[in-house]
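Below are the chains, spelled out letter by letter.
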Amino acid sequence: MPTTYWKVRPYVLTGGRTRTRQPLLVHTLVSVPYYDAVFASGLLPEARTLYEQARSMRSVAELSAVCGTSLGVTRVVIDDLAATDRLQIHADPYTSPFDDRLLERLRDGLRQLA
């Protein structure tokens, strides 16, 4: 019975990298601007699944869950596909509805209670 090395596969997918060129948060949306079946056929199975699933706009967390890869691996593969202009990373429209000054006053008040 062959031995499987489950820790090696993520290393192969990311080339040993753990960081991305740009910040990819769990709620960052990505999509495929134009699908290329020939390009997809040349990808590793995990990257191909991610590429195909991103045909409709999805978040990084959704892609990680659907593809069954860890969040770190998903981020690196997304970053690699974006670097080749095969995948588009959408600007993060998220802004906090909370006033920073209010949060700082709350924090300071809690520190005084402690």
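Since we're looking at a predicted model, the values are computed, not measured.

A. Examining the overall build of the chain more closely. Tallying secondary structure elements over the chain gives six helices and three strands in all. Reading the helices (α) and strands (β) of the chain from amino to carboxyl end gives α-β-α-α-β-α-α-β-α. Out of the 114 residues belonging to the chain, those deemed buried represent 26%. In the chain, of all internal contacts separated by at least 6 residues, the share reaching a separation of at least 24 is 70%. Surface summary for the chain: the accessible area is close to 8,100 Å², and the carbon and sulfur share equals 57%.

B. Fine view of the pattern of salt bridges. With the rule as written, the count across this model stands at four salt bridges. Linking Asp36 and Arg86 is a salt bridge whose minimum nitrogen-to-oxygen distance equals 2.9 Å. Of this pair, Asp36 sits in the loop between strand 1 (29-31) and helix 2 (37-41) while Arg86 sits in the loop between helix 5 (71-83) and strand 3 (88-89), placing them 50 residues apart in sequence. The residue Asp108 makes a salt bridge to Arg107 at a minimum N-O spacing of 3.4 Å. Classification of Arg107 as partly exposed rests on a relative accessible area of 41%. One continuous salt-bridge network, built from bridges that share partners, spans Arg21, Asp79 and Asp80.

C. Geometry of the packing of aromatic side chains. With the rule as written, the count across this model stands at two aromatic pairs. A ring pair is formed by Tyr35 and Tyr51, whose centres lie 5.3 Å apart and whose planes are at 25 degrees; its orientation type is stacked. Of the two residues, Tyr35 sits in the loop between strand 1 and helix 2 while Tyr51 sits in helix 3 (residues 45-53), which places them 16 residues apart along the sequence. Classification of Tyr35 by relative accessible area gives partly exposed; the value is 29%. With a centroid separation of 5.3 Å and an interplanar angle of 75 degrees, the aromatic rings of Phe39 and Tyr51 are classed as edge-to-face. With a gap of twelve residues between them, Phe39 in helix 2 and Tyr51 in helix 3 connect regions that are remote in the sequence. Across the ring face of Tyr35, the terminal group of Arg55 is positioned such that the distance to the ring centre comes to 3.8 Å. A cation over a ring is seen here: Arg86 above Phe39, with NZ or CZ 4.2 Å from the ring centre.

D. Representation of a nonpolar patch on the surface in the model. A cluster of nonpolar side chains, contributed by Leu103, Leu106, Leu110 and Leu113, occupies part of the molecular surface with about 430 Å² of accessible area. The exposed category is assigned to Leu113, whose relative accessible area is 72%.

E. Layout of the side chain of Thr28. Of note, Thr28 is situated in the loop between helix 1 (8-14) and strand 1. Under the relative-accessibility criterion, Thr28 is labelled buried at 5%. At 2.9 Å, the side chain of Thr28 and the backbone nitrogen of Leu25 are in polar contact. What Thr28 contacts, discounting residues up to four positions off in sequence, is Arg58, Ser59, Val60, Ile89 and His90.

What counts as what
Residues numbered from 1 in each chain as written. Predicted model: local features only at pLDDT ≥ 70, side-chain atom pairs only at ≥ 80, totals over all residues. Heavy atoms only, no water. Helix = DSSP H or I, 4+ residues; strand = E, 2+ residues; numbered from the N terminus. Buried < 20%, exposed > 50% of the residue type's maximum accessible area, 1.4 Å probe, protein only. Contact = heavy atoms within 4.5 Å. Areas by Shrake-Rupley, 256 points an atom, 1.4 Å probe, with all protein chains shown as cover. Salt bridge = Lys/Arg side-chain N within 4 Å of Asp/Glu carboxyl O. Phe/Tyr/Trp six-rings, centres within 6.5 Å; stacked < 30°, edge-to-face > 60°. Lys NZ or Arg CZ within 6 Å of the ring centre and 35° of its normal. Patch = residues over 30% accessible without salt bridge, like charges linked within 9 Å, V, L, I, M, F, W, Y side chains within 5 Å. Polar contact = N/O pair within 3.5 Å; in protein donor to acceptor, adjacent residues only side chain to side chain.

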